[in-house]
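Survey of secondary and tertiary structure
Residues per chain, in single letters:
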Amino acid sequence: MKLDGILQFLIPKDKKFFPLFEQATANMVQTAETLCTLGNSNTNEKRKVAIKEIERLEHIGDNITHMIFNELGTNFITPFDREDIQSLASVIDDVVDLIHGSAKRIDLYKIEEMSTPMIKLAELILKGAMEIHVAVVNLKSMKNISAIKEALVKVHSLENHADEVFNNGIARLFEEEKDAIQIIKIKEILSALETATDKCEDAADVIHSILIKTT
Amino acid sequence: MKLDGILQFLIPKDKKFFPLFEQATANMVQTAETLCTLGNSNTNEKRKVAIKEIERLEHIGDNITHMIFNELGTNFITPFDREDIQSLASVIDDVVDLIHGSAKRIDLYKIEEMSTPMIKLAELILKGAMEIHVAVVNLKSMKNISAIKEALVKVHSLENHADEVFNNGIARLFEEEKDAIQIIKIKEILSALETATDKCEDAADVIHSILIKTT
Amino acid sequence: MKLDGILQFLIPKDKKFFPLFEQATANMVQTAETLCTLGNSNTNEKRKVAIKEIERLEHIGDNITHMIFNELGTNFITPFDREDIQSLASVIDDVVDLIHGSAKRIDLYKIEEMSTPMIKLAELILKGAMEIHVAVVNLKSMKNISAIKEALVKVHSLENHADEVFNNGIARLFEEEKDAIQIIKIKEILSALETATDKCEDAADVIHSILIKTT
């Protein structure tokens, strides 16, 4: 019985980790979507609603992460390495936290409209989150490994794109904005958003390492 | 023999990790206390003394951390999971480092008086450190698990409170302070202090995961 | 057969990890050297060449890191603990990333000349990287353990020196520079460079923990 076969055999029993990870990535996608909604909101009221919703989703994400860690503490058999489960749960949690932190800053700093690079980064986070979700869903059945690999490749190219958007955004910020206080505010939000795309890439790396071990 | 019983049986032999962890958390409490003293000092001389003392405690903390890692390298049997020992030692070290870093910045930036949110955060770090100390002491005997759980719950609510203090402090800073250089200085210190409360929460999470595995 | 003997016996079989780690540390040294070259470049053209070269080396470093992780995924027997291999590869990657990030910022922020503390930090990173390289090379043969220990001690003292350079640099920056935007730019680069020396120290700590376990 190949390792792959053993895995296939074990998976049906895993009623816990995969559904939790699917919830976690679905929640990450929804949080990223709400960030895009925030970017497209043209009234203060709509913005307040979006920020509140991101807060709510962050709490849900926290609960899912805690459930994964609890399962990890009480289960001796896990569908893949314990450290990989822990890392994957942590980085998904990080993405949601960073989106939440950005939205919180936009609120605290009274930033009326998200700038073009902020909106572009939000879209790249959403795309990355969707690819991670696809990869996690396919990790469960292990039937479509090439779909997983494709998703991971896309996450890497999205992160490269985000790097470019971030670097150009920062360069332009220092060229055009002469108010240091505005620079402090905008730079912090851009950095948080860019870090969120880094964390998507970290998630892709963990999934890649799971793939290597099980195929 | 239940896992719990096995643990009780093993514990008397552990002459090393628990005393070291108790030293580490006691040192963390003392460092946080000295930060509160710094906040209440009304002369430059008193402030210098407090900062020097924090520096001294940070060195002591470093030594304790190294001793824990050395024990970890040479012991095959540990009272709980190696990664948990490593994580707990690291986050306690992080709390002390962040307090030290904040005190250092207060000195370097020639900040005469800690602001109200800084003092509040220092108090919350102290309270959090004390709860972690209580949890670690009780982890040794494992006789009063509800005391551990209570301590962990308190750490989480302290961290929520710290988040609020930090967010309000930052919002007010940007409203009231018009000197960008002052904003840079104060924001950096507030961020370090708030991160210290995050690390207390991380310590609580590690202890929680140890509890789940052994009860 | 002592553990040491077992290790000596296993090492000849390890055709993979040691050569990869040697490549990784050699690449880190070269990246740090190029940063020093950047510091000594007196024309915009020379600076552009150095920054491009750092970018190239960062890509090479990424590939080496991925190869180490791939080996880790497919090998059951490793010359030392899996987590140590992973940590060491990660921190070496971090050093290169931080050098690259600093060079990128120097470019984006149109900083014509690296300041004296920046150049000093670059030199300390280079020295630290060279010591880590020496330690890794000696880790392979395990014949000259005192050479490893000496290298690690030097890394720690280099990091202490870097702390001092950084703190003095920041204090002077706030005293002399009155343009908040310049402070933001320079502070960010100094912080990244100082963090690179911290990561060298982290690498030394991992190597220290490997030593403890195998001797």
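Criteria and thresholds
- Residues numbered from 1 in each chain as written.
- Chains lettered and ligands numbered in written order.
- Predicted model: local features only at pLDDT ≥ 70, side-chain atom pairs only at ≥ 80, totals over all residues.
- Helix = DSSP H or I, 4+ residues; strand = E, 2+ residues; numbered from the N terminus.
- Buried ≥ 20, exposed ≤ 12 C-beta atoms within 10 Å, placed from the backbone.
- Contact = placed C-beta atoms within 7 Å.
- Nonpolar A, V, L, I, M, F, W, Y, C, P; charged D, E, K, R; others polar.
- Least-squares fit on C-alpha atoms with pLDDT ≥ 70 in both.
- Axes fitted to C-alpha atoms, helices over the stretch in contact; angles between N-to-C directions.
- Left-handed = near helix turned anticlockwise from the far one by under 90°.
- Parallel < 35°, antiparallel > 145°, perpendicular 65-115°, else oblique.
- pLDDT = per-residue confidence, 0-100.

Scanning chain A from N- to C-terminus turns up 7 helices and 0 strands. Counting only C-alpha atoms and orienting by the principal axes, one finds that chain A spans roughly 65 × 30 × 25 Å. In chain A, which comprises 215 residues, the proportion classed as buried is 40%. Sequence separation of at least 24 residues holds for 81% of the intrachain contacts in chain A that already meet a minimum separation of 6.

Contact residues are listed per partner, giving 10 residues for chain A and 10 residues for chain B. Of all the secondary structure elements, the ones that give two or more residues to the side of chain A that touches chain B are α3 (44-74), α4 (82-108) and α7 (180-214) of chain A. Looking at the side of chain A that touches chain B, the element that brings in the most residues is α3(A), giving 4 residues. Looking at the side of chain A that touches chain B residue by residue, the class counts come to 6 nonpolar, 3 polar and 1 charged.

Counting residues at the interface gives 10 residues for chain C and 10 residues for chain A. Those elements that provide at least two residues to the side of chain C that touches chain A are α3 (44-74), α4 (82-108) and α7 (180-214) of chain C. Broken down by element, the side of chain C that touches chain A gets its largest block of residues, 4 residues, from α3(C). Considering only residue class, the side of chain C that touches chain A consists of 6 nonpolar, 3 polar and 1 charged.

What follows covers the relation of the copies chain A and chain B. Structural alignment of chain A on chain B gives an RMSD of 0.0 Å, achieved by rotating through 120° and translating 0.0 Å along the axis. Those values place the two copies in the arrangement expected of a three-fold rotation axis. Among all residues of chain A, the minimum C-alpha distance to the rotation axis is found for Ala180(A), at 3.5 Å. Interface overlap between copies is the fraction of interface residues in one copy that are interface residues in the other; for chain A against chain B it is only 20%, indicating separate surfaces.

When chain C is fitted to chain A, the best match, at an RMSD of 0.0 Å, comes from turning it 120° and sliding it 0.0 Å along the axis. Comparing contact sets, just 20% of the residues at the interface of chain C also lie at the interface in chain A, consistent with a heterologous contact between different surfaces.

The relative placement of two packed helices is expressed as an angle between their axes plus a distance between the axes. Close contact between α7(A) and α7(C) brings their axes to 9 Å; oriented N to C, the two are set at 30°. Our pair here, α7(A) against α7(C), has a crossing hand that is right-handed. Counting all contacts with α7(A), which are made through Ala180(A), Ile183(A) and Ile184(A), the residues of α7(C) involved are Ala180(C), Ile181(C) and Ile184(C).

Residue and element names in this part refer to chain B. Between helix α5 (residues 116-141) and helix α6 (residues 145-176), whose axes approach to 9 Å, the crossing angle comes to 165°. By the criterion of interaxial angle, the relationship of α5 to α6 is roughly antiparallel. Handedness of the crossing formed by α5 with α6: left-handed. Here α5 contributes Pro 117, Lys 120, Leu 121, Leu 124, Lys 127, Gly 128, Glu 131, Ile 132, Val 134, Ala 135, Asn 138 and Leu 139 to the contact with α6, which in turn contributes Ala 147, Ile 148, Ala 151, Leu 152, Lys 154, Val 155, Leu 158, His 161, Ala 162, Val 165, Phe 166 and Gly 169. Considered class by class, the residues forming the contact of α5 with α6 number 16 nonpolar, 4 polar and 4 charged.

This next bit is on the confidence of the model for chain A. Residues and elements named next belong to chain A. Per-residue confidence for chain A gives a mean pLDDT of 92; residues scoring 70 or more make up 93%. Model confidence for chain A, summarised as mean pLDDT per element, is weakest for helix α1 (residues 3-10) at 50 and strongest for helix α2 (residues 17-40) at 97. The ipTM for the predicted assembly is 0.86, set against a pTM of 0.90.

Turning our attention to the environment of Arg105(A). All names here are of chain A. The topology assignment puts Arg 105 in helix α4. For the pair Arg 105 and Ala 192, spaced 87 residues apart in sequence, the C-alpha separation works out to 9.8 Å. Leaving out residues up to four positions away in the same chain, Arg 105 has contacts with Glu 188 and Ile 189.

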